[in-house]
Amino acid sequence: MASPNSRRRFLKGSIGTAVAAGLPESGQSASGDDLSSQNATTAASQVQWRNRNEAMRYRMLGRTGMMVSEIVMGGNEITPDNYQHVFEAMDMGLNYLDTSPAYGKGASELGFAKVIKQRPRDQFFLTSKVSVWDLNRNERFEKIYNGLSGDEQSRLRGAADDLIAQRGAAEPDYLGGYFGGQTRELNAAALSDVMEATYGDRIDRDKNYRQIIIDSVEGSLQRLGTDHLDVLMCPHGASSPVELTRYPEIFDAFNELKVDGKVRFLGVSSHNDPAGVLDAATKSGIYSVAMVAYNVVNESFMNQAIDAAHDAGVGLIAMKVARPVYRSPKSANGNREGRKRLDAAIGGDWSIPQKAYLWALRNPKLSAVISNMVNAEQVSENVILPRHNG
């Protein structure tokens, strides 16, 4: 269970807007004094440039003040044996590296560590994630669920299905089908959501919702060989708004890490119900960055949430931009209607993935798009795209 002191720090303002959003630390105290009187837009006046290159275009990442390249480096394919092309991308002006302990079971962070050893830390922005948080939450509730009566299991499963239906989260064009097991994650998260009110007190909140974040970040920093992250994304792959609204331990852990100088800003990533998750992040006033699924197929589901987030100063990075219309060279067709809309919107002799990135970059309310570039060829194909965005 969360300690009284932990909960009290939360309630007394340890996640005050200036601290939790990662704003300038003037007047901040380690005891978590309430700094909510600070203007949440002040960070924008402290613009941060890194690795600036005339050949690249940059946008501000919301209220963080960070000027990020319009295309950023996804780390899912980075390993200790596959990282040299990151230098080529950085030489072209890319300045934002994204990774996670889940990518290659730590291999991505170890691969980026080799980049960090050879490039000054102040030449790029670095993000990692807490990948175990939501999975651990779902596992804890699943264990409780398995010990319940059949009637209670049926009631909870029905309530979870109703919740998904109410949110429209399983609508095919909204769901996206980005990876195997995505629907399973959505269902598990909904079950955890409905169980929280009745069974949440059976879970050790401090261990499973706060300490797990601290431990994850410490592990990431060790693998990366650096002393801080510019953005910490937690949860990684949030599947519901509840994950952002019912767990103050996330913000308590973030504040602790920020005071210690180990993280600067808090973010979230989401494939499932990305509009709902983004709305929750925006309304919290705490999250400064969101990486969400956004593409030509789910655009209509996302626009309202994107508008609100942008107006609130949340920096937005679009992911899964090409996935619905291009799965692989062996299955290039993807969503046919999406392909038609993409071809109508973006002319020229571009590949399907390039058209998808160019399409997303036309939205001025986005800060960047992320691409998991596997090799130097993909770097040369994708990092040039911001020059042609216009």
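Please refer to the structure higher up on the page.
Residues numbered from 1 in each chain as written. Predicted model: local features only at pLDDT ≥ 70, side-chain atom pairs only at ≥ 80, totals over all residues. Heavy atoms only, no water.

1. Topic: the pairing of strand S10 (residues 368-371)
So, point 1. Burial of S10 is two-sided: the residues Ala 368 and Ile 370 facing one way and the residues Val 369 and Ser 371 facing the other way are all buried.
So, point 2. Both strand S3 (residues 71-73) and S10 contribute to a ladder of 3 bridges, which runs parallel. Bridged to Ile 71 within S10 is Val 369.
So, point 3. Here 2 bridges tie strand S9 (residues 315-319) to S10, and the two strands are oriented parallel to one another. Looking at S10, one finds that Ala 318 is bridged to Val 369. (Buried < 20%, exposed > 50% of the residue type's maximum accessible area, 1.4 Å probe, protein only. Helix = DSSP H or I, 4+ residues; strand = E, 2+ residues; numbered from the N terminus. Pairing = 2+ DSSP bridges.)

2. Some words on the layout of surface pockets
Empty pockets left among the atoms are what a rolling probe the size of a water molecule brings to light.
So, point 1. Taken as a whole, the largest pocket spans an internal volume of roughly 1,100 Å³.
So, point 2. Contributing to the lining of the largest pocket are 38 residues, with Asn 76, Glu 77, Lys 320, Arg 323 and Asn 372 lying nearest its centre.
So, point 3. Looking at the lining of the largest pocket, the elements that each hand over two or more residues are helix H5 (132-146), helix H15 (352-361), S10 and helix H16 (376-382).
So, point 4. When residues of the lining of the largest pocket are assigned to their parent elements, the largest contribution, 3 residues, is made by H16. (1 Å grid on protein atoms, 1.4 Å probe; cavity = no way out; pocket = protein on both sides within 12 Å on 5 of 7 lines; lining within 4 Å. Points joined across faces, edges and corners; volume = space filled by probe spheres on them.)

3. Quick look at the packing of H5 against helix H8 (residues 182-199)
So, point 1. It is the contact of H5 with H8, at a shortest axis distance of 9 Å, that shows an interaxial angle of 65 degrees. In terms of crossing hand, the pair formed by H5 and H8 is left-handed. Between H5, through Leu 135, Arg 137, Asn 138, Phe 141, Ile 144 and Tyr 145, and H8, the contact on the second element is made entirely by Glu 185, Ala 188, Ala 189, Leu 191, Ser 192, Asp 193, Met 195, Glu 196 and Tyr 199.
So, point 2. Considering only residue class, the contact of H5 with H8 consists of 9 nonpolar, 2 polar and 4 charged. (Axes fitted to C-alpha atoms, helices over the stretch in contact; angles between N-to-C directions. Left-handed = near helix turned anticlockwise from the far one by under 90°. Contact = heavy atoms within 4.5 Å. Nonpolar A, V, L, I, M, F, W, Y, C, P; charged D, E, K, R; others polar.)

4. Overview of helix H6 (residues 150-167)
So, point 1. Its 18 residues place the ends of H6 26 Å apart at the C-alpha level, agreeing with the 26 Å of an ideal helix rising 1.5 Å per residue.
So, point 2. Every buried residue of H6 is listed here: Glu 152, Gln 153, Leu 156, Ala 160, Leu 163 and Ile 164. The buried residues of H6 occupy an angular sector of 110 degrees when the element is viewed end-on, so they sit on one face. Summarising the geometry of H6, the exposed residues directed more than 90 degrees from the buried face are Asp 151, Ser 154, Ala 165 and Gln 166.
So, point 3. Its buried side turned inward, H6 meets H5 and H8.
So, point 4. Immediately downstream of H6, the backbone of Gly 168 shows phi near 65 degrees, a positive value. (Expected span 1.5 Å × (residues − 1). Arc of directions from axis to C-beta.)

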